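# Examination of the molecular architecture
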Amino acid sequence: MRNAQPDQINDLINYLNGKKYVLNKQPFEVNIVGIRSDSTTPNKFDDKLIIFYFDGSTWQGYEYKITTDPGTYYLKKPLNVDGTAILKTGQYQYKIGLHKGQYKALIQRGKVTVLRDYDRNAILDFNNGKEATGFFGINIHRATSSGESTNVEKWSAGCQVFANSDDFKHFLNLVQDSVDKYGENSLYYTLIDQRAINRSTKRNITFFLLLLFGINYFTKFIK
């Protein structure tokens, strides 16, 4: 776990606003964003989850190591005949509940859309899977109950999974505080692709440069 950087939070705010997604702005009302890395190599906790909130004066947040993708075990041996679930990017409704009836986690409050990876190999396929929307038990939970897991393996069949158990406790405490203040109707999980953030940042830089160039050109023209 580490503190989220201000520019990182600003990029997420711009992305959420650009997509017209829900952005919680009340003090300590959390926003939860998963960021899928560029890698298509499975079985590693190489993605990020960022929780951030407005504290009344500034935006604050934390970054955790997670996986947004299933492990190789379930890629090769899917629980569903159509293939293993890979959560599609988007914003989804969640609530506090029990993961497999065992411990507190975040569970679906609304439907999610997944891509079914039907190849039954150890390669993540984000483009060719069959889409399905519904309640599939795509939870946000931890891997091991103590310490940190290195490989995903059986910890995810499509769930969003924390590598470190202490990180998950820290995250869940922030979520619980938010729910206690504002209820579960404000609880959303947004999954985005790292490449989408890169594209959004490049567009903003390009717009700024064009605006700056235009102002300089106009200033020279009127002199």
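The coordinates are above.
Criteria and cut-off values
- Residues numbered from 1 in each chain as written.
- Predicted model: local features only at pLDDT ≥ 70, side-chain atom pairs only at ≥ 80, totals over all residues.
- Heavy atoms only, no water.
- Helix = DSSP H or I, 4+ residues; strand = E, 2+ residues; numbered from the N terminus.
- Buried < 20%, exposed > 50% of the residue type's maximum accessible area, 1.4 Å probe, protein only.
- Contact = heavy atoms within 4.5 Å.
- Areas by Shrake-Rupley, 256 points an atom, 1.4 Å probe, with all protein chains shown as cover.
- 1 Å grid on protein atoms, 1.4 Å probe; cavity = no way out; pocket = protein on both sides within 12 Å on 5 of 7 lines; lining within 4 Å.
- Points joined across faces, edges and corners; volume = space filled by probe spheres on them.
- Nonpolar A, V, L, I, M, F, W, Y, C, P; charged D, E, K, R; others polar.
- Core = buried A, V, L, I, M, F, W, Y, C linked by side-chain atoms within 4.5 Å.
- Phe/Tyr/Trp six-rings, centres within 6.5 Å; stacked < 30°, edge-to-face > 60°.
- Lys NZ or Arg CZ within 6 Å of the ring centre and 35° of its normal.
- Expected span 1.5 Å × (residues − 1).
- Polar contact = N/O pair within 3.5 Å; in protein donor to acceptor, adjacent residues only side chain to side chain.

This part is about the overall build of the protein chain. The helix and strand inventory of the protein chain stands at four helices and twelve strands. For the protein chain, the proportion of its 223 residues judged to be buried stands at 48%. In the protein chain, the share of contacts with a sequence separation of at least 24, taken over all contacts with a separation of at least 6, comes to 65%. Of the accessible surface of the protein chain, which amounts to about 11700 Å², a share of 51% is contributed by carbon and sulfur atoms.

Here the focus is the layout of surface pockets. Here the largest pocket defines a volume of roughly 430 Å³. Lining the largest pocket are 24 residues, and of these L79, K100, G137, A157 and C159 lie nearest its centre. Listed by contribution, the elements that provide at least two residues to the lining of the largest pocket are β5 (84-87) and β10 (140-142). For the lining of the largest pocket, a count of residues per class yields ten nonpolar, ten polar and four charged.

Within the secondary structure, V179 sits in helix α3 (residues 165-182). Placed 151 residues apart in sequence, V179 and F28 show a C-alpha to C-alpha distance of 9.8 Å. Among residues more than four places away in sequence, those in contact with V179 are I96, E184 and L187.

Taken as a whole, this structure holds one cavity of 30 Å³ or more when the rule is applied. Put simply, the largest cavity is a space of about 60 Å³. As for the largest cavity, its lining consists of L16, V22, N24, V30, N31, I32, V33, Q91, S186, Y188 and T190. Secondary structure elements with two or more residues in the lining of the largest cavity: β2 (31-36) and β12 (188-193). Of all the elements, β2 adds the most residues to the lining of the largest cavity, at three residues.

This part takes up the nonpolar core. If you look at the biggest cluster of nonpolar residues, it comprises 30 residues, and the most contacted ones within it are I32, L106 and F171. For this core, the secondary-structure elements that each account for two or more residues are β3 (47-54), β4 (59-67), β5, β6 (90-99), β7 (103-108), β8 (112-117), α3 and β12. The element contributing the most residues to this core is α3, with six residues.

Turning our eyes to something else, we now look at the packing of aromatic side chains. Taken as a whole, this structure holds eleven aromatic pairs when the rule is applied. Between the aromatic rings of Y103 and F168, the centroid separation amounts to 6.4 Å while the plane-to-plane angle is 85°, which identifies the pairing as edge-to-face. On the criterion of sequence distance, the pair formed by Y103 in strand β7 and F168 in helix α3 is long-range, its members being 65 residues apart. For F168, a relative accessible area of 3% gives the class buried. For the pair F162 and F168, a centre-to-centre distance of 5.3 Å together with 65° between the ring planes defines the contact as edge-to-face. By relative accessible area, which is 0% here, F162 ends up buried. Three or more aromatic residues joined by ring pairs form one cluster here, namely Y64, Y103, F162, F168 and F171. Here the guanidinium or amino end of K154 rests over the ring plane of Y73, the centre of that ring lying 4.6 Å away.

Time to look at α3. Helical geometry: 3.6 residues make up each α-helical turn, so side chains three or four residues apart lie on a common side. Look at α3: 26 Å from first C-alpha to last across 18 residues, which is about the 26 Å you get at 1.5 Å a residue. S165, D167, F168, F171, L172, L174, V175, S178 and V179 are the residues of α3 that are buried. N-cap assignment for α3: the residue whose side-chain oxygen lies 2.9 Å from the backbone N of D166 is N164. Taken from the residues just after α3, G183 is the one with a positive phi, measuring 85°.

What follows concerns the environment of T133. As for its placement among the helices and strands, T133 is situated in strand β9 (residues 130-134). When the C-alpha positions of T133 and T113 are compared, they lie 4.2 Å apart, and in sequence the two are 20 residues distant. With sequence-adjacent residues up to four places away left out, T133 is seen in contact with K111, V112 and T113. There is a polar contact of 2.9 Å between the side chain of T133 and the side chain of T113.

Take it as geometry only, folks, not as evidence of what the structure does.
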